[in-house]
Amino acid sequence: MDGLVLKEINLEKERITIGRKPHNDIQIDNLAISGEHAAVVTILNDSFLEDLNSTNGTLVNGQPIKKHFLRHNDVIELGKYKLKYLNDTAAPVADDYQKTMVIRPGGIRPEPPAPAAPAPAAAQGPHSVAPPSPAPGTAAQGVPAAAIQILNGANAGKELPLVKTLTSLGKPGVQVAVIARRPQGYFITHVEGAHFPVVNGQTLDAQAHPLKDHDVIEIAGVKMEFFLKP
């Protein structure tokens, strides 16, 4: 605020909320800040920021964002406040989230990549090189290959290979969750929406939940089965 560092906050939780109301992990008592303004989700060494449909919006490096993979020295602007993200151990390229699949009414299709410039979402640095994505059905870093099969609705029977580090599922603005591929296996985490994902009939909380072979997930009214590939 006004060039002064007010506080340093460690991202020790998987999901940290920012907003005006006192129940937020980071409370900013200012009328320009919405009650629940934004959230930071951290998985392993990487974090991404999501605007929670705030009234005045969220900027990263001067650009309005809805979802943004955070990079070292990114500057987040909320009203008159600025938060600098510091993480010199993060992966040099973390654009998987921008290329994940989203289940939308009427079909499954990949999200379009962010425009080169100006980019409202995360943009590649001038010297970064994106690693090739593993082919569907292959394992990565010793983790067994896995996929999601849709069980109901117009897309019933379709499969979505989980070949990205992060795969987004759901309907933006309604309910969104992320499946993360980690060295220990696959984990699902709630990202957006008033209702949390349901796994095998049990409603999850805000923490990451490990997935087991043949778990049945329900997100935004869509049922799907998680399974490991042989």
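The coordinates are above.
Predicted, not measured: the structure shown is a model, and the values here were computed from it. (Residues numbered from 1 in each chain as written. Predicted model: local features only at pLDDT ≥ 70, side-chain atom pairs only at ≥ 80, totals over all residues. Heavy atoms only, no water.)

(A) How the structure looks around the pattern of salt bridges. Counted under the stated rule, the structure contains five salt bridges. Residues lysine 13 and aspartate 25 are paired through a salt bridge, measuring 2.7 Å at the closest nitrogen-oxygen approach. Here aspartate 25 lies in the loop between strand E1 (15-19) and strand E2 (26-27) and lysine 13 lies in the segment before E1, a separation of twelve residues in the sequence. What makes lysine 13 partly exposed here is its relative accessible area of 39%. With a shortest N-O distance of 3.5 Å, aspartate 51 and lysine 66 are connected by a salt bridge. Taken together, the residues span a long stretch of sequence, with aspartate 51 in strand E4 (residues 46-51) and lysine 66 in the loop between strand E6 (63-65) and strand E7 (67-69) at a distance of 15 residues. Exposure remark for aspartate 51: the relative accessible area of 3% places this residue in the buried category. (Salt bridge = Lys/Arg side-chain N within 4 Å of Asp/Glu carboxyl O. Helix = DSSP H or I, 4+ residues; strand = E, 2+ residues; numbered from the N terminus. Buried < 20%, exposed > 50% of the residue type's maximum accessible area, 1.4 Å probe, protein only.)

(B) Layout of the pairing of strand E12 (residues 146-150). Within E12, four of the five residues are buried, which leaves it mostly tucked inside the rest of the structure. With five bridges joining them, E12 and strand E21 (residues 222-228) adopt antiparallel strand pairing. Paired with isoleucine 148 across the strands is phenylalanine 226, a residue of E21. Bridge analysis of E12 against strand E13 (residues 159-161) gives three bridges, and the strand direction is antiparallel. (Pairing = 2+ DSSP bridges.)

(C) Geometry of the nonpolar core. Core analysis: the largest hydrophobic core is formed by 20 residues, its most contacted members being Ile148, Ile179, Ile188 and Ile217. Contributions of two or more residues to this core are made by E12, strand E15 (175-182), strand E16 (185-192), strand E20 (216-219) and E21. Setting aside chain neighbours within four positions, we find isoleucine 188 in contact with Ala177, Val178, Ile179, Pro197, Val199, Leu204, Gln207, Ala208, His209, Leu211, Ile217 and Ile219. In this structure, Ile18, Ile26, Ala38 and Leu49 belong to the second largest nonpolar core, which totals 15 residues. (Core = buried A, V, L, I, M, F, W, Y, C linked by side-chain atoms within 4.5 Å. Contact = heavy atoms within 4.5 Å.)

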